Amino acid sequence: MSNTTKIKEMLELQDMLNTKTNGVDWRSGVTKDDRVINWKRCMYMEAAELIDSFNWKHWKDINAEDDMDNAKVELVDIWHFLMSYLLENNSLADVEHLIESSNSFDVSIVENKDIVNLVEIFIATIFCHNGKQDELLLNAFFNILAKMDMDIDELHKMYLVKNVLNIFRQDHGYKDGIYVKVFGGLEDNVIMFELANRLRNENRLDYTTLYSEYEKLYIQETSK
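Below: a short report on this structure. The structure presented is a predicted model; accordingly, all values stated were derived computationally and were not measured. (Residues numbered from 1 in each chain as written. Predicted model: local features only at pLDDT ≥ 70, side-chain atom pairs only at ≥ 80, totals over all residues. Heavy atoms only, no water.)

**Examining the pattern of salt bridges**
We apply this condition: Note on definitions: salt bridges are taken to be side-chain nitrogens of Lys or Arg within 4 Å of carboxyl oxygens of Asp or Glu. Put simply, DSSP H or I for four residues or longer makes a helix, DSSP E for two residues or longer makes a strand, and each gets a number counted from the N terminus. Using a 1.4 Å probe on the protein chains alone, a residue whose accessible area is under 20% of its type maximum counts as buried, one over 50% counts as exposed, and one in between counts as partly exposed.
Across all of its chains, the model carries 11 salt bridges by this definition. Residue R169 pairs with D188 through a salt bridge whose shortest N-O separation is 2.9 Å. In this pair, R169 sits in helix 8 (residues 152-171) while D188 sits in helix 9 (residues 188-201), placing the two residues 19 residues apart along the sequence. In this structure, R169 and D188 share a single accessibility class: buried. A salt bridge links R198 to E202, with the shortest nitrogen-to-oxygen separation between them at 3.5 Å. For R198, a relative accessible area of 36% puts it in the partly exposed group. Three or more residues are tied together by salt bridges with common partners; here these are K6, D153 and K157.

Right, dumping it as structure tokens:
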């Protein structure tokens, strides 16, 4: 699957997720439940969680290790909201073209900044108000991606997992508070990624298979 195809699939899946979660008119900035949507706030709140994956505090736990696995998950969460922000006022084709043209990173910046600095640049870019904000946000995002030694392929794989999980949550009562997020002693994120790795090793990783196999696990564990 080419990068172009992966980008298109992620955009289509995000559009589907937003429609399922927020209603067919989600681009209006209001959900079907009359809740205001603020994609910028979503991005900087997730960015703050990404920063907290790193041992940045000078006053406590100074020997704690950075949690790169969680940082990658948080970056994928940001990607959900960044795509949504771009899709809110642009066609899918236009966003696809914008991402393809921005799918690169600035070597000089990436080499001279640590990940936390790059995330702070991304947050600052959220609040800039000029005609190139979309491009600047994507450039800032891909700088972080490169610093984490990730590429479109890994982003696509991780995004697929989180998208399936988000859809599954919506299908099983997440908004109503009846969804079980921890079962078998593990959080659903962990279970889903472990399942995805197994399916990938078996060459069976795709959207439908991941959903159905996770559903089997969920029903089996939560009905005990």
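**Some details on the packing of helix 1 (residues 3-22) against helix 3 (residues 68-89)**
What counts is decided by this rule: Note on geometry: axes are lines fitted to C-alpha atoms, helical ones only across the stretch in contact, with angles between N-to-C directions running from 0 to 180 degrees. Convention used here: angles under 35 degrees read as roughly parallel, angles over 145 as roughly antiparallel, angles from 65 to 115 as roughly perpendicular, and any remaining angle as oblique. Throughout, a contact is declared for two residues whenever any of their heavy atoms are within 4.5 Å. Only Asp, Glu, Lys and Arg are considered charged in this grouping, and only Ala, Val, Leu, Ile, Met, Phe, Trp, Tyr, Cys and Pro are considered nonpolar; every other residue, Gly among them, is considered polar.
The interhelical angle for the contact between helix 1 and helix 3, taken along N-to-C directions, is 85°, at an axis separation of 10 Å. In this view, helix 1 runs roughly perpendicular relative to helix 3, as classed from their interaxial angle. Between helix 1 and helix 3, the residues in contact are M10, L11, Q14, D15, L17 and N18 and W79, H80, M83, S84 and L87, respectively. Looking at the contact of helix 1 with helix 3 residue by residue, the class counts come to six nonpolar, four polar and one charged.

**Details of helix 6 (residues 115-126)**
Basically, it comes down to this: Expected helix span is given by 1.5 Å per residue-to-residue step, counting one fewer step than there are residues.
For helix 6, built from 12 residues, the straight-helix expectation of 16 Å at 1.5 Å per residue is met to within 8% by its first-to-last C-alpha distance of 17 Å. On its buried side, helix 6 packs onto helix 2 (39-51), helix 3, helix 5 (107-112) and helix 7 (133-147).

**Details of the layout of surface pockets**
Our working rule: Cavity: a set of points on a 1 Å grid over the protein atoms alone where a 1.4 Å probe fits but cannot get out. Pocket: an open set with protein on both sides within 12 Å along at least five of seven lines, its lining residues, like those of a cavity, having an atom within 4 Å of a point. Grid points are joined across faces, edges and corners, and a volume is the space filled by probe spheres set on the points.
In this structure, the largest pocket encloses a volume near 1,200 Å³. As for the largest pocket, its lining consists of 39 residues, and the residues nearest its centre are E46, F81, N166, R169 and Y174. Elements that contribute at least two residues to the lining of the largest pocket include exactly helix 1, helix 2, helix 3, helix 8 and helix 9. Residue contributions to the lining of the largest pocket peak at eight residues, all from helix 3. Residues that form the lining of the largest pocket fall into these classes: 12 nonpolar, 11 polar and 16 charged. Approximately 180 Å³ is the volume attributed to the second largest pocket. Residue lining of the second largest pocket: M1, K6, E9, D153, H156, K157, L160, R200, L205, D206 and Y207, and that is the complete set. Of all the elements in the fold, those that place two or more residues in the lining of the second largest pocket are helix 1 and helix 8. Element by element, the count of residues in the lining of the second largest pocket is highest for helix 8, at four residues. Grouping the amino acids of the lining of the second largest pocket by side-chain chemistry returns four nonpolar, one polar and six charged.

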